[in-house]
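A look at the structure
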Amino acid sequence: MSLSCNDAQPCSLTRFLIEEQRAGHIEPDLRLLIEVVARACKRISIAVGKGALGGVLGEAGLPGAASMNVQGEAQKKLDVIANDVLMEANAWGGHLAGLASEEMDHSQPIPDEFPRGRYLLLFDPLDGSSNIDVNVSVGTIFSVLPYAKQGQDPVDADYLQPGTAQLAAGYCVYGPQTTLVLTVGHGTHAFTLDREVGSFVLTTRNIRIPEQTAEFAVNMSNQRHWQPPMQAYVGDLLAGKTGPRGKDFNMRWVASMVADVHRIMTRGGIFSYPLDAKNEAKGGKLRLMYEANPMAFLVEQAGGAATTGRQRMLEVRPADLHQRVPVFLGSKGEVEEAGRYHREHDATA
Ligand code: P6P
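Residues numbered from 1 in each chain as written. Predicted model: local features only at pLDDT ≥ 70, side-chain atom pairs only at ≥ 80, totals over all residues. Heavy atoms only, no water.

The name an unreviewed UniProt entry assigns to the protein is Fructose-1,6-bisphosphatase class 1, from the organism Lysobacter defluvii IMMIB APB-9 = DSM 18482. The UniProt entry for the protein carries this comment under Subunit (unreviewed entry): "Homotetramer." The UniProt entry for the protein carries this comment under Sequence similarities (unreviewed entry): "Belongs to the FBPase class 1 family." (UniProt positions renumbered as here; feature names shortened; annotations may be inferred.)

Okay, structure coming up:
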């Protein structure tokens, strides 16, 4: 029996986390917290997989009166189900001090009857949920921050830590496979759900994102709303061999960040949701705490890069729990190239 997980002997998420604990990479309570989140993702995967058979499609709320989340978006039934699964699974675990969800106005301390832990859990329970009704991959994104105050309930301000403070981050993509992608700060690793056994199995250790790419992901319908550097950058991508980049590019856009990022984890690429005239007043479309920061941690640990176009994502100082940011992430060389367009524009502006 091998003493550690390796490609010749795939191992479960549980064994992988025990080995990370033995290596001193994570504390026992953080290991247990990640296990609780993984179990919640299994339950969400089952609910998502039932689709119409489970009566879980469509919008939450009463017919004609969809419930809206704090983002002003119509909530899907599965948004609410996924949020409830993660809240319930983590309330009694004893590893957390509090939780914050993209679907909730404010963070919530753990109920008084349960023991308090030293971690804060932030999550987007079901990212890309607009794709659910058309059977396209969606996912759960989570991030773990430290909480050091003893005997005090955490409040929203305690969550406003830069992405560099994250102790763990991950996503679970509910697609043809259910795959958990996780980092605890020592590489990024993928675990595929073995539905027959009911456990996540290590399938890729130390994901490496290729430094260069010929594939970009952006919602092109926003092109006329972009700022000049984004117009110039994408214009040169579209010019392909005939333009300054000297090679043709392919484009993909799933409109589910987890699915687009997982493709980049698998074969490289650059994902972007830049500032545009429609979202500029809000600071961008995607959420810093629930989407950009956990994905940035995962991507950097896989050898990629993640920025706002002008700043390393993980160094953004959060001002609000639901803060939005422009996002460029993926193949390091391409993210740096996109940043060059922004720097050159700003130098002449
Ligand atoms: P658009 C999903 O709502 C999401 O937050 C991300 O998962 C996704 O990348 C983006 O928004 C899609 O935005 O404007 O293309 O619908």
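Following the structure, the description resumes.
In the vicinity of the ligand lie 13 residues, with D127, N219, W253, M257 and Y273 positioned nearest. At 3.0 Å from an oxygen atom of the ligand is found a side-chain nitrogen or oxygen belonging to W253. In this structure, an oxygen atom belonging to the ligand sits 2.8 Å away from a main-chain N or O atom of M257. Contact with the protein chains removes 83% of the 400 Å² of surface that the ligand exposes when unbound. Of all the secondary structure elements, the ones that give two or more residues to the shell around the ligand are strand 13 (270-273) and strand 14 (286-287). (Near = heavy atom within 4 Å. Polar contact = N/O pair within 3.5 Å; in protein donor to acceptor, adjacent residues only side chain to side chain. Areas by Shrake-Rupley, 256 points an atom, 1.4 Å probe, with all protein chains shown as cover. Helix = DSSP H or I, 4+ residues; strand = E, 2+ residues; numbered from the N terminus.)

There is a patch of like positive charges on the surface, built from R224, K278, K282 and K285. With respect to the helices and strands, the residue K278 is situated in the loop between strand 13 and strand 14. (Patch = residues over 30% accessible without salt bridge, like charges linked within 9 Å, V, L, I, M, F, W, Y side chains within 5 Å. Salt bridge = Lys/Arg side-chain N within 4 Å of Asp/Glu carboxyl O. Lys, Arg positive; Asp, Glu negative; His and termini not counted. Charge placed at Lys NZ, Arg CZ, Asp CG, Glu CD.)

By the criterion of burial, helix 6 (residues 257-267) is predominantly enclosed, with 8 of the 11 residues buried. One or two positions beyond helix 6, positive phi appears at G268, with a value near 85 degrees. (Buried < 20%, exposed > 50% of the residue type's maximum accessible area, 1.4 Å probe, protein only.)

The subject of this paragraph is the UniProt feature "binding site: Mg(2+) 1" (unreviewed entry) in the protein. Within this numbering scheme, the UniProt entry marks E102, D124 and L126 as carrying the feature "binding site: Mg(2+) 1" (unreviewed entry). Their sequence span is 25 residues, while the largest C-alpha to C-alpha distance among them is just 9.2 Å; these annotated residues converge on one region. The contact partners of D124, leaving out residues within four places of it in the chain, are E102, G139, T140, I141, Y290 and E291. (Contact = heavy atoms within 4.5 Å.)

Strand order in the open sheet formed by 5 strands is 12-11-13-17-15, and the pairing between neighbours is mixed. Sheet topology places strand 12 (250-251) and strand 15 (305-307) at the edges, where each strand pairs with a single neighbour. In terms of strand pairing, strand 11 (residues 215-217) meets strand 12 through 2 bridges, oriented parallel. Directly across from F216, in strand 12, lies its bridge partner M251. Together, strand 11, strand 13 and strand 17 (327-330) form the strand contacts of helix 5 (residues 228-239), whose direction differs from that of strand 11 by roughly 140 degrees. Against the sheet, helix 6 contacts strand 11, strand 13 and strand 17, and its axis sits at roughly 35 degrees relative to strand 17. (Pairing = 2+ DSSP bridges. Axes fitted to C-alpha atoms, helices over the stretch in contact; angles between N-to-C directions.)

Taken as a whole, this structure holds 17 salt bridges when the rule is applied. Taking the shortest distance from any N to any O, the salt bridge between E102 and R287 comes out at 3.1 Å. On the criterion of sequence distance, the pair formed by E102 in the loop between strand 3 (96-101) and strand 4 (108-109) and R287 in strand 14 is long-range, its members being 185 residues apart. One salt bridge connects E334 with R245, and the closest N-O pair in it is separated by 2.7 Å. A residue pair is termed long-range when its members are at least 10 positions apart, and E334 in helix 8 (residues 332-348) and R245 in the loop between helix 5 and strand 12 qualify at 89 residues.

This brings us to helix 2 (residues 28-50). Over its 23 residues, helix 2 runs 34 Å from end to end, which matches the ideal 33 Å to within 8%, given 1.5 Å per residue. Phi turns positive one or two residues past the end of helix 2, at G51, with a value near 50 degrees. (Expected span 1.5 Å × (residues − 1).)

On to the layout of surface pockets, then. Space inside the second largest pocket adds up to approximately 250 Å³. As for the second largest pocket, its lining consists of 16 residues, of which V48, G49, N135, V136 and Y174 are closest to the centre. The leading source of residues in the lining of the second largest pocket is helix 2, at 3 residues. (1 Å grid on protein atoms, 1.4 Å probe; cavity = no way out; pocket = protein on both sides within 12 Å on 5 of 7 lines; lining within 4 Å. Points joined across faces, edges and corners; volume = space filled by probe spheres on them.)

Within the secondary structure layout, V144 lies in strand 6 (residues 138-146). Sequence separation between V144 and G170 is 26 residues; the distance between their C-alpha atoms is 9.1 Å. Those residues in contact with V144 that lie beyond four places of it in its chain are L30, L33, Y119, L120, L121, Q166, L167 and A168.

The subject of this paragraph is the side chain of R31. Relative to the assigned elements, R31 resides in helix 2. The buried charged residue R31 lacks any salt bridge partner; its closest oppositely charged side chain belongs to E35, at an N-O distance of 4.5 Å. Apart from residues no more than four positions distant in its own chain, R31 is found in contact with L17, I18, Q21 and I26.

Packing of helix 5 against helix 8 brings their axes to within 8 Å, and their N-to-C directions diverge by 135 degrees. By the angle between their directions, the pair helix 5 and helix 8 is classed as oblique. Both helix 5 and helix 8 take part in a crossing whose hand is right-handed. Residues P228, P229, A232, Y233, D236 and L237 of helix 5 lie in contact with helix 8, whose contacting residues are E334, E337, A338, Y341, H342 and H345. Residues that form the contact of helix 5 with helix 8 fall into these classes: 7 nonpolar, 2 polar and 3 charged. (Parallel < 35°, antiparallel > 145°, perpendicular 65-115°, else oblique. Left-handed = near helix turned anticlockwise from the far one by under 90°. Nonpolar A, V, L, I, M, F, W, Y, C, P; charged D, E, K, R; others polar.)

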